[in-house]
Amino acid sequence: MKEKTMVMIPGPTPVVRSIQEEMGREIQAFGDPRFVKDFKSVIDDLGQLFGCDGKTFVVAGTGTLAMEMAISNMTRRGDNVLIVSNGFFGDRFIDICEHKGLNADVLKAEWGSVVSPEEIRKKLSEKHYAAMTVTHVDTATGAAADIAAIGEVMRDFPETIYIVDGVAATAGEYENLAEMNIDVLFTASQKAFGVCPGLLLLWANKKAMERRATLGVIPEYYCDFDKWVPIMDDTSKYFATPAINLVWAMKESVRIIKEEGMKARYERHLKNARAMQKALEAIGLVPLAKESCRAVTLSNLLYPEGMDDAKFRATLLEEGIIVAGGLGAYAGKMFRLGHMGNIDINDEVAVLGVIERAMNQCGQNVPYGKAVGVYLEEMAK
């Protein structure tokens, strides 16, 4: 039998059987009335789930394309943009803004921490910004920004569009445009939604859509809101071919989320994450993110002295688990473990057991069952 491998990186995340089955369905024409109905239900449900009073976009593409889509439709060349960066993927906005001809100012946090709402308020008070970007969870650091508190700050700066990168957060961390005063939120299908890569999801509230209307024709084509709004309103229309089977997979993911409930889903992620982090700390692994801002969707874990990154991750792979390596200055010094989406307690127990075995094979004297025991005790509370 072919050996099973569990993908435990911060995305793509494991895909449960019912979602896999939707991706394996026989293809339909994008104009088939059955698909048209399914596509529209996904768009409407996503808008309702995340408190969007404007437009919800479900488009074939990646999270990076969603970043560009957000910037392209909210700004014009020469605008000032404030980039709040808590790590590697926050910095990606710098390059996007430079390509767009925007004047970008950057507030950076030390890796493992986040920029505070107070720092953001101070910076916004210095000059007018057309938009501000905040990465909710940066997968390079495992740190989570307080997007709700930042949203309260933004109420005092109504002319600045508040853009939240939710790629590693949405459907795991709690997010709601209306409750948190977010103007644009985006994510990708392969993270906490538990669908394969290939779809970007973007929500733009009424204020954001009003901003788009002031820009007229923009240089971008594929990611122009104006090209997609007619299709999101009437999915029988055509602009570019939708990812049909991924839309069906997203429909099943949304069904699972609705059944669980958004806040219940966040509480599950929170409880599981804190249990996982305590379990991993118990065997000598230290989360990079400060305790005050640790994400619930992933953990970035610093090795104890003497651990060989390449050997450890290769050993994990031999044991049937794939994790991600560290980025930037932390390459070789830590690994990144995803724990988001539709994974369950049995998956996590298996992962912790494999990590214990791999650490012992790499020369660390880890008592077998220690991490698993701590995890199960925390989950039983």
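In this report, the structure presented in the accompanying data block is examined. Please read these numbers as outputs of a predicted model, since none were measured by experiment. (Residues numbered from 1 in each chain as written. Predicted model: local features only at pLDDT ≥ 70, side-chain atom pairs only at ≥ 80, totals over all residues. Heavy atoms only, no water.)

Let's talk about the pairing of strand E5 (residues 131–135)
Reasoning step 1: Where burial is concerned, most of E5 is hidden: five out of the five residues are buried.
Reasoning step 2: Of the two faces of E5, the one carrying Ala-131, Thr-133 and Thr-135 and the one carrying Met-132 and Val-134 are both buried.
Reasoning step 3: The pairing of E5 with strand E8 (residues 161–165) spans five bridges and is parallel. Note on E8: the bridge partner recorded for Met-132 is Tyr-162. (Buried < 20%, exposed > 50% of the residue type's maximum accessible area, 1.4 Å probe, protein only. Helix = DSSP H or I, 4+ residues; strand = E, 2+ residues; numbered from the N terminus. Pairing = 2+ DSSP bridges.)

Structural notes on the packing of helix H2 (residues 33–49) against helix H9 (residues 225–233)
Reasoning step 1: H9 packs onto H2 with a crossing angle of 110° between their chain directions and a minimal axis gap of 9 Å. Judged on the interaxial angle alone, H9 and H2 are roughly perpendicular. On H9, the residues touching Phe-39, Lys-40 and Ile-43 of H2 are Ile-231, Met-232 and Asp-233.
Reasoning step 2: Residue classes in the contact of H2 with H9 are distributed as four nonpolar, no polar and two charged. (Axes fitted to C-alpha atoms, helices over the stretch in contact; angles between N-to-C directions. Parallel < 35°, antiparallel > 145°, perpendicular 65-115°, else oblique. Contact = heavy atoms within 4.5 Å. Nonpolar A, V, L, I, M, F, W, Y, C, P; charged D, E, K, R; others polar.)

A word on the pairing of strand E4 (residues 103–108)
As a general feature of sheets, a regular strand has side chains that alternate between the two faces.
Reasoning step 1: Of the pairings in the sheet, the one linking strand E3 (residues 80–85) to E4 comprises six bridges and is parallel in character. Looking across to E4, one finds that Ile-83 is bridged to Val-106.
Reasoning step 2: Running through helix H4 (residues 88–100), the crossover from E3 to the neighbouring parallel element E4 is right-handed. (Right-handed = clockwise from strand over helix to strand, strands pointing away.)

A short note on the sheet that holds E8
Reasoning step 1: Reading across the sheet, the seven strands line up as E2-E10-E9-E8-E5-E3-E4 and stay open at both edges, with mixed pairing between neighbours. Both edges of this open sheet fall to strand E2 (55–60) and E4, since each of them pairs with a single strand only. Across the sheet, the axes of successive neighbouring strands diverge by a mean angle of 15°, strand direction being ignored.
Reasoning step 2: Strands E2 and strand E10 (199–204) of the sheet are contacted by H2, whose axis makes an angle of about 130° with E2.

Looking at the packing of helix H3 (residues 63–74) against helix H8 (residues 206–215)
Reasoning step 1: The contact between H3 and H8 brings their axes to 8 Å, and the two run at 60°. Taken together, the residues of H8 that come into contact with H3 (itself represented by Ser-72, Asn-73 and Met-74) are Ala-208, Arg-211, Arg-212 and Leu-215.
Reasoning step 2: Partitioned by chemical class, the residues of the contact of H3 with H8 number three nonpolar, two polar and two charged.

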